[in-house]
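Here is what each chain is made of, one letter per residue.
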Amino acid sequence: MRSESTVAWIRLIRLEFARVIRSGGVAAAVLLLLGLGVYASWQGNRRIQAAEAATSAAETAYRDQLAYLSSIYPPTTEAGEPLYYLAFPAPQPPSRLSALASGRMAVETASLRIRLLALEGQLYEHETLNPRLAAAGHLDLAFVLIALLPLFVIAVTYDIVSGERERGTWRMARLFARPRRLIAAKIAARVVLATGLVTSPALIGAFSTGIDADGRAGWAIALIALHTLFWFALCLGVAGGHRSSTANAMILVGVWVALTFLAPAVLSLTNALLHPVPEALELTVRQRQGYHEAWDLPRAGTMESFFEDYPKWSDWIVPEDEFTWAWYYAMNHRGDQAARDASHAYRDILTRRDEWARRWSLLVPPLATQIALDRLSSADLGTQLAYQEAVRSYHERLKAHFQPFLFSAAPMAQVDWDRVPSFEPAVPAGDAPQAGLPAAAALILISVCALLPRIRSRPSPDS
Amino acid sequence: MGLRNTLLVARRQIGAMREDRYVVFLLALVVSMGVVSVLGARHHAASEAEQRARYQTLVERQWAEQPERHPHRVIHYGFLVFREEAPLAFFDPGVGAYAGTSLFLEGHRQNAASFSDARHSTGMLRFGRLTPATVLGMLLPLFVVAAGFASVGGERERGTLRLLLAQGATPGQIMGGKVLSVGAVALAAALPIGLVTAAFAAVGGEAPTSATRLLALAAGYAAYLAGWVLLTVWVSSRRSSSRAALAQLVAIWVALCVAAPRLGASLAATLHPIPSRAQFTAQVEEAQRGVGDSHNPDDPFFSALRDEYLARYEVASVEELPINWGGVVSREGEEITSRIQEEHQQALLAAHRRQDGIIAWLGLLSPYLAARDLSMAAAGTGPEAVEAFRAQAEAHRYDIIQRLNDLHVHEIKYENDRAQRIARQEWTRFPVFRPNPPTLGRALTDRPQSLAALGLWIAVPLVGLGLGRKRLPRLGVDGSGL
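What counts, and where the lines are drawn
- Once a new chain begins, its residue numbering starts again from 1 and follows that chain's sequence as written.
- Lettering of chains starts at A and numbering of ligands starts at 1, both following the order in which they are written.
- In keeping with the predicted nature of the model, local features appear solely for residues at pLDDT of at least 70, side-chain atom pairs appear and are counted solely at 80 or more, and the whole-chain, interface and lining totals rest on all residues.
- Excluded from the side-chain calculations are hydrogens and water; all other atoms, namely the structure's heavy atoms, are used.
- Planes of paired rings set the category: under 30 degrees apart is stacked, over 60 is edge-to-face and the rest tilted, where pairs are Phe, Tyr or Trp rings (Trp by its six-membered ring) whose centres lie within 6.5 Å.
- Only Lys NZ and Arg CZ are tested; either one counts as a charge over a ring when it is within 6 Å of the ring centre and within 35 degrees of the ring normal.
- Per the convention used, a helix needs a DSSP run of H or I reaching at least four residues, while a strand needs a run of E reaching at least two, with both numbered from the N terminus.
- As a per-residue quantity, pLDDT reports the predictor's confidence and falls between 0 and 100.
- Here, residues are in contact when the closest pair of their heavy atoms is within 4.5 Å.
- Working convention: axes come from line fits to C-alpha atoms, limited for helices to the stretch in contact. Angles between N-to-C directions cover 0 to 180 degrees.
- Oblique is the label for any angle not covered by the other classes, which are roughly parallel (under 35 degrees), roughly antiparallel (over 145) and roughly perpendicular (65 to 115).
- A crossing counts as left-handed when the near helix is turned anticlockwise from the far one by less than a right angle, and as right-handed when that turn is clockwise.
- By the convention adopted, Pro, Cys, Tyr, Trp, Phe, Met, Ile, Leu, Val and Ala count as nonpolar, Lys, Arg, Asp and Glu as charged, and the other residues, Gly among them, as polar.
- The span expected for a helix works out to 1.5 Å for each residue beyond the first.
- We define the bend at any residue as the angle between the axes fitted to the seven residues before and including it, ending there, and the seven starting there.
- Each of two parts loses accessible area, computed with a 1.4 Å probe, when they are put together; buried area is these two losses added.
- Salt bridges are defined by distance alone: a side-chain nitrogen of Lys or Arg within 4 Å of a carboxyl oxygen of Asp or Glu.
- Under this definition, polar contacts are N or O atom pairs within 3.5 Å; protein pairs additionally need one hydrogen-donor-capable and one acceptor-capable atom, and for neighbouring residues in sequence, both atoms have to be side-chain atoms.

J.: Explain the packing of aromatic side chains to me, using residue names and the numbers behind them.
T.: The way to describe two aromatic rings as a pair is by their centre distance and the angle between their planes. As enumerated under the stated definition, the model contains 45 aromatic pairs over all chains in all. Through a chain of ring-to-ring contacts, the aromatic side chains of Tyr 84, Tyr 85, Tyr 291, Trp 295, Phe 323, Trp 325, Trp 327, Tyr 328 and Tyr 329 of chain A assemble into a single cluster. Lying over the aromatic face of Tyr 84 of chain A, Arg 115 of chain A brings its terminal NZ or CZ to 5.1 Å of the ring centre. A cation over a ring is seen here: Arg 312 of chain B above Tyr 309 of chain B, with NZ or CZ 4.6 Å from the ring centre.

As structure tokens, this is what we get:
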């Protein structure tokens, strides 16, 4: 009995599926979206390759520079001198998931090289990006699936009931199944169409070159599925009513524009207005002043403030009348000290922006999905802040490593370059469920709300 | 007589749209979004500009108040400049959000500007920014579509089209009336936004230059929106049902305003790849190695230069030169490193321009790209403004660094070089950095493709409407479309 009804059910879905795919323009739209999706996944994988090329370029450049400096300086040169030039690589490998969502990858520098000098001036270097291309927006698979796929969902569902009614076929269709069941079959066929013919192949393309096995990809796929289902729920909520097809289409396209473009733009502007970042310029000015003033001040004072952070060296006396590298690097440290408060305030503001965005994005399904995906693929603002933190701690480890050479005025021959600390990449901020769960919960909740009008009313009486 | 019919049709259509609650609601929405965007963007731009001006003043004062210093010390102290946005950046920020705002000018190296708006933004930014330009360029066309997709098709569906024809209105008059009425509604949405923008621009300090730019913006957006109005009426007249017209118009809007810019940017980046910052820095370092390293005492270039100077002044050692040899080395070294770095920078910029070229040609396919391009040109926020700032800052950098090197050569003795200082009054004699943004005429003439694209955008639907005029009575009467 049960299996019989399942068979009938599947047959209904198959019939409906065949009807949809043959209706005007649907097959073409599927092909177009699929083409865009495959193109975007190919681009995503190219971006990963480019990021990997940048990380290896940073490492190669360091080795070349070290070889060059070793060749031009006699081994008796004080280590402090080549260290002035040497830029150590801090490469952050891209996440595999960024083939799906590349987030802020285009604007961030992921492979900084840092010198032993004052750090604050070195952290914020820009990528070589072409601002015009960046302003045009970038295309990744997440954009295709989050911004464009819903439009396809709208196109195939907006007249799901009204179309039958307007053509006068609704009464006949009702002879085959109960309205609720019929609508369910129609929706199911369209879900199969969207997820089976567009989402799945594109995702397979994006992950074809490999995937991190840490559950993040699973969360990403779940979020995309939930987001697609939200649009089906919304379409059903709107299109299951009594309105004409044209009114349905206008409402749904309007909601799509509001959720995909207006809400993010309004939230983005609000965020910028609520959390201004004057500290960016403040820290730049302070660091420069803090370092350069020290040249004209008594050295003992500079060393005093240096010893506050590194008490280990406080027994060393730095001569007032001759240049020492220990003093030189202490002056640089003074620059970072001068910028410290501004730098903390700067990071606080950006962290607040990041948290604010994550909180408020939960109200807007496409945004909630996008921001969660960015976080899962380590391409959000939080990840960039974590990277800067990792670079800071690397800089500290480098300083700790080289201070003995600087204070003892050791020749560079004494430095064992193979034992220089290497960069430890930042770990992704927040684990996978933490990044994905709020968005998933929000998507489910909003989907249920979108369906509420249909659950309470009788399904589409054919008036 | 002809004009009267046209106006009658237009008045009829306006009446119909005024009764359509969707159209009224959308009109209110678009206008309020536009006004909110002007207020928000203006506030944001003003606070950014105030900050930059404040820090620029601070930095200039710090420069002038330097104690007596050795010139080479000052070469490393350098100078900070902040990029000022154009007065109309609140209307269209153009590429400004993606370009750095603060640039450190120092000796030996060309730094890249840092701290762009985009780096301080979360992932939301990718969906677009709420600016008056976005509202006019992206949202308003969709409103035009919503207001006009049923303008002709609706008459046909209700059977009133035949009635109109029977009453003596020609197809041309009907189409003309529809274009006028949809255009009037578009104007009703655009005008408040334009007026608020103009009002805020007039409050700013550079009102006269802004006026020409505002006129250019008004002309550009008028042409762009006129194209949308014509297209909407054209499609509405061609399709058998207004539902089909709506579907087609929305599809066109998505293709032109949402997909094309991103696809274009992606294609441009793929066709003309550029090195990452890490690769670029490595290339510059590589090129500088071995050619005139001023910090390397045995450098072959400087050995040859020393021999030349010794011969010219007819002395046996650098100590006997009447000028400071250390300063000469620093000056010549700066020239070499600046040249190498500028060459690489120019190569990178050339790659950017090739990418821009792809976008410019794609403007012929997507008028949205063309309109955006012209809009940022007219607002003074295009890539050429960013590049002008960079180039002028670099020229300023080179100028002050070489002045400092000249002080080193002539005012500092070679013996006991590092112990000497330049008097503090000298610092106030240095030029201050006052960049000149590119002119409006220059920015517009650099964009022939975009200007042509906008012309084409109006011409195509206009011709289509003209040709389709005769078929209007037949179309759809038997229930068939095209």
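There is more to say after this.
J.: Any details on unusual backbone geometry? Residues and values, ideally.
T.: Residue and element names in this part refer to chain B. Here the phi dihedral of Phe 115 falls at roughly 65°; this positive angle occurs in a residue that is not glycine. Here Phe 115 shows up in the loop between strand E2 (102–105) and helix H4 (132–148). At Glu 314, a position not held by glycine, the phi torsion is positive, near 55°. Mapped onto the elements of the fold, Glu 314 is located in the loop between helix H11 (300–313) and helix H12 (325–362).

J.: Kindly report on the confidence of the model for chain B, identifying the contributing residues and their values.
T.: Taken residue by residue, chain B gives an average pLDDT of 89. The fraction at 70 or more is 95%. Below a pLDDT of 50 lies the segment residues 476–482 of chain B, which in the model reaches 11 contacts outside its immediate sequence neighbourhood of four places, other chains included.

J.: Can you tell me about the packing of helix H2 (residues 21–64) of chain B against helix H7 (residues 171–203) of chain B, naming the residues and giving the values?
T.: Helix-helix packing is described using two parameters, namely the angle between the two axes and the distance between the axes. Residues and elements named next belong to chain B. The geometry of H2 relative to H7 is characterised by a closest axis approach of 9 Å and an angle of 15° between their N-to-C directions. The orientation of H2 relative to H7 falls into the category roughly parallel. Considering how the two elements wind past one another, H2 and H7 form a crossing that is right-handed. Facing Leu 27, Val 30, Val 31, Gly 34, Val 35, Val 38, Leu 39 and Arg 42 of H2, the residues of H7 in contact are Val 185, Ala 188, Ala 189, Pro 192, Ile 193, Val 196, Thr 197 and Phe 200. Of the residues belonging to the contact of H2 with H7, the class tally is 13 nonpolar, two polar and one charged.

J.: Quick one: what's the story with helix H13 (residues 325–361) of chain A, residue by residue and with numbers?
T.: Look at H13 of chain A: 50 Å from first C-alpha to last across 37 residues, which is about the 54 Å you get at 1.5 Å a residue. Roughly 50° is the biggest bend found in H13 of chain A, and it falls at Arg 340 of chain A.

J.: Requested: an account of the side chain of Glu 285 of chain B, with residues and values cited.
T.: Tracing the backbone shows Glu 285 of chain B in helix H10 (residues 277–288). Sequence-distant contacts of Glu 285 of chain B, defined by excluding residues within four places in its chain, comprise Ala 61, Gln 65 and Arg 113 of chain A.

J.: Describe the interface of chain B and chain A, with residues and values.
T.: In this assembly, 95 residues from chain B lie in contact with 101 residues from chain A. Buried area between chain B and chain A, summed over both chains or domains, comes out near 8,500 Å², and the portion from carbon and sulfur atoms is 63%. Counting across the interface, chain B meets chain A through seven salt bridges. The partner of Arg 119 of chain B in a salt bridge is Glu 108 of chain A, and the shortest N-O contact between them spans 2.7 Å. At the junction of chain B with chain A, the criterion picks out 34 residue pairs in polar contact (both at pLDDT 80 or more). Taken together, the residues of the side of chain B that touches chain A sort by class into 48 nonpolar, 28 polar and 19 charged.

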